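A closer look at the structure
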Number of protein chains: 2
Amino acid sequence: MRIAVLGGGQLGRMLALEGIPLGHRFTFLEPSPAPPAGPLGTVVAAPYDDRAALARVADTADVVTCEFENVPAASADFLAARLPVLPPPAALQAAQDRLAEKELFRRLGIPTAPFHPLRTPAQLDAALGTTGLPAVIKTRRFGYDGKGQVVARSAAEAAAALDVLGAELIAESFVRFTRELSILAVRGRDGDRVFYPLTENHHHDGILVASYAPAPRITPALQAAAEAMAERVMERLDYVGVLAIELFEARGRLLANEMAPRVHNSGHWTLDGAATSQFENHVRAVTGLPLAVPRMAGPAAMLNIIGELPDAVEVASVPGAHLHLYDKTPRPGRKLGHVNVTGGDEAAVRATARRVRELLGGESSSLPAAVSRG
Amino acid sequence: MRIAVLGGGQLGRMLALEGIPLGHRFTFLEPSPAPPAGPLGTVVAAPYDDRAALARVADTADVVTCEFENVPAASADFLAARLPVLPPPAALQAAQDRLAEKELFRRLGIPTAPFHPLRTPAQLDAALGTTGLPAVIKTRRFGYDGKGQVVARSAAEAAAALDVLGAELIAESFVRFTRELSILAVRGRDGDRVFYPLTENHHHDGILVASYAPAPRITPALQAAAEAMAERVMERLDYVGVLAIELFEARGRLLANEMAPRVHNSGHWTLDGAATSQFENHVRAVTGLPLAVPRMAGPAAMLNIIGELPDAVEVASVPGAHLHLYDKTPRPGRKLGHVNVTGGDEAAVRATARRVRELLGGESSSLPAAVSRG
């Protein structure tokens with residue numbers, strides 16, 4: 001099949017690397033020059049709202065998917081009128097608006113931190129009445145990697161955030177969480193679904209730096225609770241593909257923080273740590289193949305390469321380290337690749353991950369030494 | 001790095017799929033149209049002896065490797081005068097001439113079936129005196145998948161073979177072997193080497209149909225003997241990259257049959273059955289990265305897709321089956337892809353392999369039901 005991907009970044013690159021062996025060809029709609037996915041397919045270099053480019057995508061593909069959720073609704077709808085867009089446009093819409101996303105969670109009975117919309121200073125009292133202090137004030141759209149959000153410790157700081165961040169905001173309670181987890185779920189065209197084990201994620205300056213899978217000390221009840229959340233979202237949206245939900249674990253409970261209607265950085269370990277990766281399962285889902293139950297050979301870790309490229313010889317010399325580069329020009333804070341770690345038990349993977357962390361240096365030097373802050 | 005590959009078939013395709021994540025770009029010199037590796041790099045569409053094309057390859061690459069050993073010596077030498085060609089041209093030369101190959105094995109003390117060159121009818125007596133009957137009469141060059149060879153059960157049949165096959169032949173004793181095995185070895189630029197476990201191979205009509213790894217009932221002594229053979233060849237040729245040696249096991253001993261100076265069909269299981277595939281280790285070798293010791297999570301099998309494409313939905317629905325397609329037009333006897341099988345113990349892998357075999361149907365229906373004929 002011919003698969004068109006909205007976006008041509010590293011997620012598109014890895015979708016193609018895993019989808020080409022299944023016999024598929026890829027086209028990427030991507031406005032930026034020399035995208036990471038470029039060497040793996042045809043690039044339609046145009047903005048996401050370019051009607052001629054969208055028509056070209058529709059004409060040359062059998063199915064459209066995305067590796068980037070901030071696609072204009074009109075574009076997704078334009079394509080969906082012509083060929084299958086999976087996950088469906090409604091899922092992109094929900095995921096690109098933090099308020100819509102949280103309201104969806106609430107409608108589905110999925111616990112979240114208390115939240116309140118925030119457009120004008122007049123709403124501040126009501127918002128902070130709901131969230132308490134400190135509150136996290138976020139833009140509803142286009143936030144990523146910790147951008148577009150402020151922690152307000154007082155009403156004055158919240159008012160200042162409103163000045164800085166603009167008018168379409170959401171205020172949320174500041175969650176004192178034990179740790180951050182994510183659940184990766186996949187739903188097929190036939191409604192079948194599979195789940196990867198909960199992954200423990202560590203961020204620095206709002207950017208994911210490390211993931212450990214399965215997350216240590218996960219009870220079957222916690223895994224089941226996370227799966228049930230993903231399942232409710234997927235059923236409601238008639239979802240097809242990989243869905244990631246970022247979660248806080250707080251006092252033994254899970255709170256949904258946000259969702260991504262696509263393959264997710266916290267699932268990159270699946271390339272080496274699972275018999276079937278999130279990328280292959282996403283491709284299987286959107287092309288109508290049966291999903292593969294994601295069997296793991298043992299624990300795995302993922303360390304992002306951020307800002308600076310490591311010495312490839314040093315990384316490759318670490319037993320159990322798997323280097324994945326994205327063909328991107330180094331720039332501070334930019335995700336340039338990742339290293340997966342497999343082999344041995346949890347302690348061995350943890351030790352190897354620490355060794356890799358040292359080799360990655362640069363902005364990654366603040367990676368947590370322990371697997372969990374819990 | 002920019003890696004040029006001589007040949008653009010499925011082996012080049014899989015080299016690129018595994019080499020791109022390491023940050024490399026690929027160019028393929030390939031005369032045939034729409035080669036399987038095409039979607040993964042730049043194709044220089046020209047014969048292997050086209051000097052202008054070779055110059056273009058030399059100008060745009062940092063290193064040259066091959067996925068096809070029948071490259072003219074003059075072409076390999078032309079390139080080697082300009083940039084590293086790995087494995088070295090001498091290895092290509094030895095591997096493309098069955099007589100040179102067998103003489104190399106003999107010089108290195110590597111056991112083979114008795115053999116004798118055969119150019120003219122006058123040599124028939126001497127040749128059959130060495131080989132006995134039945135004898136296998138083979139062309140020295142360009143044989144593959146059982147083509148270019150004849151089993152002669154009498155002197156008259158041997159004389160007839162000489163008529164049919166031409167003048168540059170080799171006669172070999174017919175080996176009554178227990179089974180066919182192969183050893184995959186990798187040598188790095190620094191002289192380091194790693195080995196995959198011996199693989200058991202099953203052929204039908206001269207075409208590989210199934211591989212099982214590790215080969216059942218392999219003693220450490222047999223594994224060590226195979227590794228020693230590969231090591232001697234690699235040291236002698238100052239080899240860099242993956243080297244495959246096809247072996248006969250006969251009366252508990254190993255005889256070297258032929259070698260391939262490249263990644264090999266009997267190593268395709270490593271894509272799903274080893275932490276590091278033969279393709280990644282080959283790329284590591286030729287680009288000067290340290291090799292990865294090929295850790296296996298459990299037993300694995302590989303089933304070739306020959307002549308006809310299976311129903312992808314059926315194959316993908318088998319737990320532990322991994323589909324790899326080459327983007328080739330179906331044609332009788334043509335290798336169109338393969339299915340790797342992983343998960344569980346040897347009996348489970350064997351059972352899944354049998355199930356996949358049934359789904360592959362067509363010419364693959366004669367796949368052996370048992371793992372070993374031994």
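Remember, predicted model here, so these are calculated numbers, not experimental data. (Residues numbered from 1 in each chain as written. Chains lettered and ligands numbered in written order. Predicted model: local features only at pLDDT ≥ 70, side-chain atom pairs only at ≥ 80, totals over all residues. Heavy atoms only, no water.)

Residue and element names in this part refer to chain A. The full count for this structure, using the stated rule, is eight aromatic pairs over all chains. Ring centres 4.6 Å apart and planes at 5° place the aromatic pair Phe177 and Phe248 in the stacked group. Of this pair, Phe177 sits in the loop between β8 (169-173) and β9 (179-187) while Phe248 sits in strand β13 (residues 241-250), and the two are 71 residues apart along the sequence. Relative accessible area serves as the criterion here: at 27%, Phe177 is assigned to the partly exposed category. By relative accessible area, Phe248 is classed as buried at 12%. Over the ring of Phe78 we find Arg82; its NZ or CZ atom is 3.7 Å from the centre of that ring. (Phe/Tyr/Trp six-rings, centres within 6.5 Å; stacked < 30°, edge-to-face > 60°. Helix = DSSP H or I, 4+ residues; strand = E, 2+ residues; numbered from the N terminus. Buried < 20%, exposed > 50% of the residue type's maximum accessible area, 1.4 Å probe, protein only. Lys NZ or Arg CZ within 6 Å of the ring centre and 35° of its normal.)

Residue and element names in this part refer to chain B. Considering the arrangement of structural elements, one finds Arg179 in strand β9 (residues 179-187). A polar contact is formed between the side chain of Arg179 and the side chain of Glu200, at a distance of 2.5 Å. Of note is the side chain of Arg179, whose polar atom sits 2.8 Å from the backbone oxygen of Pro216. (Polar contact = N/O pair within 3.5 Å; in protein donor to acceptor, adjacent residues only side chain to side chain.)

This brings us to the packing of helix α2 (residues 51-60) of chain B against helix α3 (residues 73-80) of chain B. Residues and elements named next belong to chain B. For the pair α2 and α3, the least separation of the axes is 10 Å and the interaxial angle reads 35°. In the crossing of α2 with α3, the sense of the turn from one axis to the other is right-handed. Along its contact with α2, which presents Arg51, Leu54, Ala55, Val57 and Ala58, the element α3 presents Ala74, Ser75, Phe78 and Leu79. Class assignment for the residues of the contact of α2 with α3 results in seven nonpolar, one polar and one charged. (Axes fitted to C-alpha atoms, helices over the stretch in contact; angles between N-to-C directions. Left-handed = near helix turned anticlockwise from the far one by under 90°. Contact = heavy atoms within 4.5 Å. Nonpolar A, V, L, I, M, F, W, Y, C, P; charged D, E, K, R; others polar.)

With an RMSD of 0.0 Å, chain A superimposes on chain B once it is rotated by 180° and translated 0.0 Å along the axis. Both chain copies can therefore be described as sitting about a two-fold axis. Mapped onto chain B, 100% of the interface residues of chain A are again interface residues, and the two copies thus contact each other with one and the same surface. (Least-squares fit on C-alpha atoms with pLDDT ≥ 70 in both.)

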